[in-house]
2 protein chains.
Amino acid sequence: MPLIVTGSVGIDSVEAPSGTAVDVLGGSAVYFAAAASFFGPVRLVAAVGEDAPPELERILDHFGVDRTGLERRAGSQTFRWSGRYLDDMNQRETVSVDLNVLAESLPPVPEAYRDSRHIFLANTDPGSQFELLQHFPDRAIAVADTMDIWIHDHRPALEKLLAQVDGIVLNDSEAAALTGETNMVHAGTVIRGMGPHFAVIKRGEHGALLSHEVGTAALPAFPSPHVVDPTGAGDSFAGGMMGHLASVGRDDFDTLRTAMAWGTVVASFNIESFSLECLERIDRAAIDQRFAQYRAMLQID
Amino acid sequence: MPLIVTGSVGIDSVEAPSGTAVDVLGGSAVYFAAAASFFGPVRLVAAVGEDAPPELERILDHFGVDRTGLERRAGSQTFRWSGRYLDDMNQRETVSVDLNVLAESLPPVPEAYRDSRHIFLANTDPGSQFELLQHFPDRAIAVADTMDIWIHDHRPALEKLLAQVDGIVLNDSEAAALTGETNMVHAGTVIRGMGPHFAVIKRGEHGALLSHEVGTAALPAFPSPHVVDPTGAGDSFAGGMMGHLASVGRDDFDTLRTAMAWGTVVASFNIESFSLECLERIDRAAIDQRFAQYRAMLQID
């Protein structure tokens, strides 16, 4: 069943020790959709402005993403983000953010998308995520991403959203901010108490942790010697994870662990280039091969 | 074949969000020996002063550690360390260090220890580690721990040591300091270029990374909800790891991964209490049970 993602399409500029990229395609929904596309059909709901890069449609088509829900809004400007990675690639500074079209009304959700079963609400304000979620009455698995700003400044809206989703994906510092717990096992339990039956806590190069009523699981990142640009790592992780969940149609503990492993592997490719370059270059066979390597790395005798 | 550890016995005082412990038994060699004792016989080479806690021998006997090489030095004082953990338990401040007997001559190595095959040189200055290593001409696997101060201030001695050991264990920040590489896959490769055929890079609550000519492996920490005191986590990790290596007599890539998993599990018990309390309370069956849990957590379908 198709997986749908709502979120941002952006024009990014990135400075990293590995080089710089200016005005390249980015945005949470783009990274997510590209990553998820290796696992099955993906639908996109997002708005861009008149200045959206001309290659946007070509790249989405390359990944086979259904872009019926992509709105090119006349008179608007596309979301822009620029950031800088410090020496160790784990610290990011946002240089500038221009919300542009993201600060306007939500993109319309096509009627044909109403039957979507697997929903990923990529990072945006929780009020919008909640509103978008209501368009999918037949949803089976709905998962949201969130971040610090919403935790601090939109908490009631976030709590309302959490009560309606099956899972939440967030960083460790965000999980700590949301729960007041610095131990991530406890933080996961507290988050699940707010509604979702699972929480995936991302730790960047240190992997991710799953909190579920059946137990807690920690998985490492794939140890990569080729880190060019971590932008989109979290979104491509979520894309691989949700792509697998949608392809099997379950979200039990063991399926979630496996889904996180797929997300980990797809994200490990994403960070090997700026923008979508690496994901555009690879195919499912390359992902399968690295997945086998990752699984073997974790196979303890 | 017996495993031998050279290192410190200390009197520790610890402040943590979970409570405080004053003048409790600690030291790298003690944590290591206790952890390794679950896997086979352990010999200890260490010096303490007249003020060493009366329970020292009782605790070493509890773990069945051969303490022929423990010197109680008349007129000397035992190494003392006091530290404080901040809110998230990952940041440690050293409040005070009194080297005392550690600043004096090395303890004598008993002649009966000369046939030791598996050697762990717990953290101390690399000149002393090198000198101690020469007492074991029949060694099969020799591994050293090190830390920032030696990397910065005793580099020639450390390089001389690295040329003679099979493996090195150090933190990620230390690996970065030693190599100038912030990517740990690269750092591991550079370290192996200095001599050892493997490097184990510890990442605290984020697990550990193995660099070996066969490949790189990352393993997560066991996700623990009960973190009372991280003191000794790295030493008990190394103890479990070396205990397993000594018990099977190999240090190939797959054996090292398995050994790191054992180390991870033993360390996860150690941090559940101050000092050696938790390790004193458990038995091998408890370790085996958690190892099975850890292995299942990493089993991806």
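Rules used throughout
Residues numbered from 1 in each chain as written. Chains lettered and ligands numbered in written order. Predicted model: local features only at pLDDT ≥ 70, side-chain atom pairs only at ≥ 80, totals over all residues. Heavy atoms only, no water. Least-squares fit on C-alpha atoms with pLDDT ≥ 70 in both. Contact = heavy atoms within 4.5 Å. Buried area = accessible area lost by both parts, 1.4 Å probe. Salt bridge = Lys/Arg side-chain N within 4 Å of Asp/Glu carboxyl O. Helix = DSSP H or I, 4+ residues; strand = E, 2+ residues; numbered from the N terminus. Nonpolar A, V, L, I, M, F, W, Y, C, P; charged D, E, K, R; others polar. Buried < 20%, exposed > 50% of the residue type's maximum accessible area, 1.4 Å probe, protein only. Arc of directions from axis to C-beta. Polar contact = N/O pair within 3.5 Å; in protein donor to acceptor, adjacent residues only side chain to side chain. 1 Å grid on protein atoms, 1.4 Å probe; cavity = no way out; pocket = protein on both sides within 12 Å on 5 of 7 lines; lining within 4 Å. Points joined across faces, edges and corners; volume = space filled by probe spheres on them.

Participant: It is not clear to me how the relation of the copies chain A and chain B should be interpreted in this structure. Could you clarify?
Facilitator: These two copies of the chain differ by a rotation about an axis and a displacement along the same axis. Each copy of the sequence occupies a distinct position, and chain A is placed on chain B by a rotation of 180° and an axial shift of 0.0 Å, giving an RMSD of 0.0 Å. Taken together, the turn and the small shift mark the pair as related by a two-fold rotation axis. Interface overlap between copies: 100% of the residues of chain A at the interface are likewise at the interface in chain B, consistent with a symmetric, same-surface contact.

Participant: I keep staring at the interface of chain A and chain B and nothing clicks. Help me out?
Facilitator: One widely used convention gives an interface's size as the accessible area the parts lose upon coming together. The interface is formed by 32 residues belonging to chain A together with 32 residues belonging to chain B. With both chains or domains summed, chain A and chain B bury close to 2800 Å², and 55% of this area falls on carbon and sulfur atoms. In terms of surface lost to chain B, no three residues of chain A exceed H206, R257 and I300 of chain A, which account for 22% of the buried area on that side. Linking chain A with chain B are two salt bridges. Between R203 of chain B and E205 of chain A there is a salt bridge; the shortest N-O distance is 3.7 Å. Elements represented by at least two residues in the side of chain A that touches chain B include exactly α7 (184-193), β13 (215-219), α9 (253-270) and α11 (284-297) of chain A. Residues that form the side of chain A that touches chain B fall into these classes: 16 nonpolar, eight polar and eight charged.

Participant: Could you clarify how one ought to interpret α7 of chain A in this entry?
Facilitator: Residues and elements named next belong to chain A. Looking at α7, one finds that the buried residues are M184, V185, A187, G188 and I191. Projected down its long axis, α7 carries its buried residues within an arc of 160°, all on one side. Turning to α7, the residues buried within the fold contact β10 (167-171), α6 (172-179), β11 (198-202), β12 (208-212) and β13. In this structure N183 caps α7, since a side-chain oxygen of it lies 2.8 Å from the backbone nitrogen of V185. G195 lies just past α7 and shows a positive phi near 145°.

Participant: Hey, could you run me through the layout of surface pockets in this one?
Facilitator: Rolled over the atoms, a probe with the dimensions of a water molecule shows which regions are left empty. Its boundaries defined by the atoms lining it, the second largest pocket holds a volume of some 270 Å³. Around the second largest pocket, the lining comprises 16 residues; the ones closest to its centre are T216 of chain A together with F222, P223, Q293 and M297 of chain B. Mapped by element, the contributors of at least two residues to the lining of the second largest pocket are α9 of chain A together with α11 (284-297) of chain B. By residue number, the principal contributor to the lining of the second largest pocket is α11 of chain B, which donates five residues. The class makeup of the residues in the lining of the second largest pocket is eight nonpolar, four polar and four charged.

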